[in-house]
Amino acid sequence: MAKNKASTTANIGFEEKLFTMADKLRNNMDASEYKHVVLGLIFLKYISDSFMALHDELTKDKKNGSDPEDQDEYIAKNVFWVSEKARWSYIQKKAKEPSIGKIIDDALDLIEKENPKLKGVLNKTYARPDLDKTKLGELVDLVGTIGLGDKENRSKDILGRVYEYFLTKFASAEGKLGGQFYTPSSVVRLIVEMLAPTKNQSVYDPACGSGGFFVQSEKFLEHHAGRIGDIAVYGQESNPTTWRLCMMNLAIRGIEANLGKEPADSFLKDQHAHDKFDLIMANPPFNMKEWGQPSLQNDKRWEYGTPPANNANYAWVQHFIHHLKPNGMAGFVLANGSMSSNTSGEGEIRKKIVDADLVDCMIALPGQLFYSTQIPVCIWFLTRNKEIPRFRNRKGQTLFIDARKMGTLVDRVHRELTEDDLKKITDTYHAWRGDKDSKVKYEDLNGFCKSVELPEIVQRGYVLTPGRFVGAEDIEDDGEDFEEKMQGLTAKLKEQVSQSDKLTKEIFKNLKVLGYE
């Protein structure tokens, strides 16, 4: 049964209100512009709600010495301090005033001054003359009806999801159907939990979007007795709006990150060109065309072959490999075609990567996981060294997992990997990899997983599709004799065909009565 909309991560619960917001501004500006307007308000409401939740707690605890106006109380709990004139209650009171644009700009300016890491990031253009202040006031009223800072919404990467909503809803209006898709939270969790970041490791995402992998990595560490700041975060993002969104997303969670000096393309202007990382996690744009190959023909990153000009998949794969430390590991999402394509030299590049024994695990995912595309996808896990002492020596081996039958529909079109699915996949990988704290014994399971030696991959033409290796699922014998079963099924088929003929005749009969022959 589908879950309640508001309780899933596939839906954020207030899509209709977001659409109403967009409608309010639709006649006055382009889709690409009102996205900025709405996102800024959502950010203000989010940090104000989070602030007020702690403010209320501290007010109730005044008798024990708590001070709700003491900025240090908020810093200690990793909650943004919000000055009185930047709080949503103040802004909402002024919503009907002609100066509401300036009031919002001033609020954003106050937040930047009190949180230097956001300097120059927030979009302070609400006072501009062409933004209708009556409609802006109505928009403020509408955002005021959405609870953003409660516990449930804080856990959903809500800024990222709102951005995704606009990206999806207005992609065609903006002419940006470029294959950039927000990574569903269950896929982010799967990659993070498979790689299992530990204290003092560096994590890098060269197509970081709104920073979902960083947020989840910090959550993973906190859940495993670590704390925010235990890992070093590095990222890059080419889209200026998304880059700013990531800065906001990380700042409100107290995560320090190096996202480069500015938004920039990881291929053409690699802002971490000389850095190597322990872990790389990414969901790069799928099948990206015109990614700049002609000007990068002799780039040192193409160790296994120059990627084709019309598809960036193997440019991303080699970018990841180039940036891995000698014991580094990478987990990333790609379109299924990357596992078997032999066009434009991709098969030759994949062959060299497989021969170099870099492929640790391949996972085929179920469909309908993404909010804005039905493209079937897989996850690659690469490692520079399969002989790291803290794991089992798995030199020359690759694990294949076919998870296509996993996941649960949370509405008509969205599927999510459940807690049990995530546990089964990660337990399988960690048991196979030989993690010291793994409590599961690894075994091949028909239809789900298989540990494969390199010669078998070579024999199968270097195709990395898990379904080719794991075989068919074992089917439990129902005890019925085969001949009897076939006779029964044949009789049932005849009956259904007969019913179909009768219904067809009936339909034509009724059409004739209506004058159609």
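In what follows, the accompanying structure is described. The structure presented is a predicted model; accordingly, all values stated were derived computationally and were not measured.

**Observations concerning the overall build of the protein**
Stage number 1. When helices and strands are counted, the protein shows 18 helices and eleven strands.
Stage number 2. When burial is assessed residue by residue, the protein has 51% of its 517 residues classed as buried.
Stage number 3. In the protein, 72% of the contacts between residues at least 6 apart in sequence involve partners at least 24 apart.
Stage number 4. A total of about 25,000 Å² of accessible surface is found on the protein, and carbon and sulfur atoms cover 51% of it.

**Examining the packing of aromatic side chains**
Stage number 1. The final tally for this structure, using the stated rule, is 17 aromatic pairs.
Stage number 2. For the ring pair Phe332 and Trp380, a centre distance of 6.0 Å and an interplane angle of 20° mean the geometry is stacked. Of the two residues, Phe332 sits in strand β5 (residues 324–335) while Trp380 sits in strand β7 (residues 377–383), which places them 48 residues apart along the sequence. One exposure class covers both Phe332 and Trp380, and it is buried.
Stage number 3. Between Tyr429 and Trp432 the ring centres are 6.2 Å apart and the planes differ by 25°, which places this aromatic pair in the stacked class. Of this pair, Tyr429 and Trp432 both sit in helix α15 (residues 419–433), three residues apart, roughly one helical turn.
Stage number 4. Judged by its relative accessible area of 2%, Trp432 falls in the buried class.

**Considerations on helix α5 (residues 100–114)**
Stage number 1. Taking 1.5 Å as the rise per residue, α5 with 15 residues should run 21 Å; its terminal C-alpha atoms sit 21 Å apart, in good agreement.
Stage number 2. Buried within α5 are the following residues: Ile100, Gly101, Ile103, Ile104, Asp105, Ala107, Leu108, Ile111 and Glu112.

**Examining helix α10 (residues 185–195)**
Stage number 1. Most of α10 is tucked away: nine of the eleven residues are buried.
Stage number 2. Along α10, the residues that are buried comprise Ser186, Val187, Val188, Leu190, Ile191, Val192, Glu193, Met194 and Leu195.
Stage number 3. Immediately downstream of α10, the backbone of Ala196 shows phi near 50°, a positive value.

**Some remarks on the environment of Ile191**
Stage number 1. Looking at the element boundaries, Ile191 is found in helix α10.
Stage number 2. A C-alpha to C-alpha distance of 9.7 Å links Ile191 and Leu422, two positions 231 residues apart in sequence.
Stage number 3. Excluding its chain neighbours within four sequence positions, the residues that come into contact with Ile191 are Phe213, Met281, Ala282, Gly331, Phe332, Val333, Ile379 and Phe381.

**Quick look at the pattern of salt bridges**
Stage number 1. On inspection of all chains with the given rule, the structure shows 21 salt bridges.
Stage number 2. For Asp106, the salt bridge identified is with Lys102, shortest N-O distance 2.9 Å. Residue Asp106 and its partner Lys102 are located together in helix α5, separated by four residues, close to a single helical turn.
Stage number 3. Among the residues examined, Asp106 registers a relative accessible area of 37% and is labelled partly exposed.
Stage number 4. A salt bridge links Arg394 to Asp360, with the nearest nitrogen and oxygen atoms 2.9 Å apart. In this pair, Arg394 sits in the loop between β7 and β8 (397–402) while Asp360 sits in strand β6 (residues 359–364), placing the two residues 34 residues apart along the sequence.

**Here's the deal with the side chain of Arg415**
Stage number 1. Take Arg415: it is sitting in strand β10 (residues 415–416).
Stage number 2. For the buried residue Arg415, which engages in no salt bridge, the nearest side chain bearing the opposite charge is Asp421, 7.5 Å off.
Stage number 3. One polar contact links the side chain of Arg415 to the main-chain carbonyl oxygen of Gly407, over a distance of 3.2 Å.
Stage number 4. Leaving out residues up to four positions away in the same chain, Arg415 has contacts with Pro366, Gly367, Gln368, Leu369, Met406, Gly407, Thr408, Leu409 and Val410.

**Comments concerning the packing of α5 against helix α6 (residues 133–143)**
Stage number 1. Contact geometry of α5 with α6 gives a least axis separation of 9 Å together with a crossing angle of 55°. In terms of their interaxial angle, α5 and α6 are classed as oblique. The segment α5 lies against α6, with Ile100, Gly101 and Ile104 engaging Lys133, Leu136 and Val140.
Stage number 2. Looking at side-chain class alone, the contact of α5 with α6 contains four nonpolar, one polar and one charged residues.

**Here we look at the sheet that holds strand β11 (residues 449–453)**
Stage number 1. The mixed open sheet is built from nine strands, whose spatial order is β3-β2-β1-β4-β5-β7-β6-β8-β11. Whereas interior strands pair on both sides, the edge strands pair on one side only; in this sheet they are β3 (257–258) and β11.
Stage number 2. Sheet topology note: the strand β1 (residues 202–205)/strand β2 (residues 232–235) ladder contains four bridges and is parallel. From the neighbouring strand, Tyr204 faces β2, where its bridge partner is Tyr234.

**Section: the side chain of Asp357**
Stage number 1. Within the fold, Asp357 resides in the loop between α14 (346–355) and β6.
Stage number 2. By relative accessible area, which is 16% here, Asp357 ends up buried.
Stage number 3. A polar contact of 2.7 Å, which involves the side chain of Asp357, links it to the backbone nitrogen of Gly396.
Stage number 4. Residues within four places of Asp357 in sequence aside, it is in contact with Thr383, Lys386, Lys395, Gly396 and Gln397.

**Here's the deal with the environment of Ile103**
Stage number 1. Relative to the helices and strands, Ile103 resides in helix α5.
Stage number 2. By relative accessible area, which is 11% here, Ile103 ends up buried.

Conventions we followed
- Residues numbered from 1 in each chain as written.
- Predicted model: local features only at pLDDT ≥ 70, side-chain atom pairs only at ≥ 80, totals over all residues.
- Heavy atoms only, no water.
- Helix = DSSP H or I, 4+ residues; strand = E, 2+ residues; numbered from the N terminus.
- Buried < 20%, exposed > 50% of the residue type's maximum accessible area, 1.4 Å probe, protein only.
- Contact = heavy atoms within 4.5 Å.
- Areas by Shrake-Rupley, 256 points an atom, 1.4 Å probe, with all protein chains shown as cover.
- Phe/Tyr/Trp six-rings, centres within 6.5 Å; stacked < 30°, edge-to-face > 60°.
- Expected span 1.5 Å × (residues − 1).
- Salt bridge = Lys/Arg side-chain N within 4 Å of Asp/Glu carboxyl O.
- Lys, Arg positive; Asp, Glu negative; His and termini not counted.
- Polar contact = N/O pair within 3.5 Å; in protein donor to acceptor, adjacent residues only side chain to side chain.
- Axes fitted to C-alpha atoms, helices over the stretch in contact; angles between N-to-C directions.
- Parallel < 35°, antiparallel > 145°, perpendicular 65-115°, else oblique.
- Nonpolar A, V, L, I, M, F, W, Y, C, P; charged D, E, K, R; others polar.
- Pairing = 2+ DSSP bridges.

In short, the description is geometric, and any link to function would need to be established separately.
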